[in-house]
Amino acid sequence: MTTPDPKADLLRYLRSAREALLWKLDGLSEYDARRPLTPTGTNLLGLVKHAAGVELGYLGDTFGRPSGEPLPWLSEDAETNADMWATAEESRADITGLYRRAWAHADATIGALPLDTVGRVPWWPSGRDEVTLHHAVVRVLADTQRHAGHADIVRELVDGATGMDRQNTSMPSDDPAWWAGHRARLERAARDA
């Protein structure tokens, strides 16, 4: 048995969640990557934009390691929820590039600091703003996984595409007829309950 490496475990799961989130953009038109598919406006490119800001904040600024990346949607005068959608001027390449740079910056922070390093979250109330790097990584990992789950649903609504990643769909079947039957069974069970 090998000695556990908590940083390696955290990074492995964080990297997997990041890739899953970005993978949901593959093959989509600009419209489909941006269009809101829930009453609250959830959209794929907005989820990526949000995740970039979360990583840069919690795994950069919190530990005195600002990235230097401009994030105008986080300014005091920014529109509410501006980090959750892409403007027409923000290209997919801009946002995915920012996210990949956020990954590199966050990974450098994780690599440079012990997990028990204490940082201060700038947007938390004074006196309750201390957090360890371990806690911050777990928080970012949980947030990324949550939004990757949102992306799973949104992508399925766009074009029916499902799965965890290119190599592992994690789905029991790729037969549309099987899924139609499965869904019909669930509908009957719901109505009969």
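Here goes a summary of the coordinates provided. (Residues numbered from 1 in each chain as written. Predicted model: local features only at pLDDT ≥ 70, side-chain atom pairs only at ≥ 80, totals over all residues. Heavy atoms only, no water.)

1. A short note on the packing of helix 1 (residues 6-23) against helix 3 (residues 44-58)
For the pair helix 1 and helix 3, interaxial distance at closest approach is 10 Å and the crossing angle is 150°. Viewed along their axes, helix 1 and helix 3 adopt a mutual orientation that is roughly antiparallel. The handedness of the crossing between helix 1 and helix 3 comes out as left-handed. In this structure, helix 1 uses Leu-14, Arg-18, Leu-21 and Leu-22 to contact helix 3, whose residues at the interface are Leu-47, Val-48, Ala-51 and Glu-55. (Axes fitted to C-alpha atoms, helices over the stretch in contact; angles between N-to-C directions. Helix = DSSP H or I, 4+ residues; strand = E, 2+ residues; numbered from the N terminus. Parallel < 35°, antiparallel > 145°, perpendicular 65-115°, else oblique. Left-handed = near helix turned anticlockwise from the far one by under 90°. Contact = heavy atoms within 4.5 Å.)

2. Comments concerning helix 5 (residues 133-159)
For helix 5, with 27 residues, the first-to-last C-alpha span of 38 Å sits near the 39 Å given by 1.5 Å per residue. Looking one or two residues past helix 5, Gly-160 carries a phi angle of roughly 85°, positive in sign. (Expected span 1.5 Å × (residues − 1).)

3. Some remarks on the pattern of salt bridges
In the structure shown here, the tally under the stated rule is 14 salt bridges. Note that Lys-24 and Asp-152 form a salt bridge whose closest N and O atoms lie 3.1 Å from each other. Pair noted here: Lys-24 is in the loop between helix 1 and helix 2 (30-34) and Asp-152 is in helix 5, with a separation of 128 residues, a long-range link. Assessed through its relative accessible area of 2%, Lys-24 is described here as buried. Under the relative-accessibility criterion, Asp-152 is labelled partly exposed at 32%. The residue Arg-120 makes a salt bridge to Asp-129 at a minimum N-O spacing of 3.2 Å. Relative accessible area serves as the criterion here: at 46%, Arg-120 is assigned to the partly exposed category. Counted as one network, the salt bridges with shared partners bring together Arg-15, Arg-18, Glu-55 and Asp-107. (Salt bridge = Lys/Arg side-chain N within 4 Å of Asp/Glu carboxyl O. Buried < 20%, exposed > 50% of the residue type's maximum accessible area, 1.4 Å probe, protein only.)

4. Considerations on unusual backbone geometry
Here Asn-81, not a glycine, exhibits a phi torsion of approximately 70°, which is positive. Considering the arrangement of structural elements, one finds Asn-81 in the loop between helix 3 and helix 4 (92-112). The class of Asn-81 is partly exposed, set by a relative accessible area of 44%.

5. Re the packing of aromatic side chains
Here a ring pair, both rings aromatic, is described through the centre-centre distance and the interplanar angle of the planes. All told, the structure shown has three aromatic pairs when counted by the stated rule. Ring geometry for Tyr-58 against Trp-124: centres 6.1 Å apart, planes inclined by 70°, an arrangement best described as edge-to-face. Here the residue Tyr-58 occupies a position in helix 3, and Trp-124 occupies one in the loop between strand 1 (118-120) and strand 2 (130-132), the gap between them amounting to 66 residues. Classification of Tyr-58 by relative accessible area gives buried; the value is 10%. Ring plane angle 80° and centroid distance 5.2 Å describe the contact between Tyr-99 and Trp-103, whose orientation is recorded as edge-to-face. Residue Tyr-99 and its partner Trp-103 are both found in helix 4; the two are separated by four residues, about one turn of the helix. The residues Tyr-99 and Trp-103 share a single accessibility class, namely buried. One aromatic cluster in this structure is built from Tyr-58, Trp-123 and Trp-124. (Phe/Tyr/Trp six-rings, centres within 6.5 Å; stacked < 30°, edge-to-face > 60°.)

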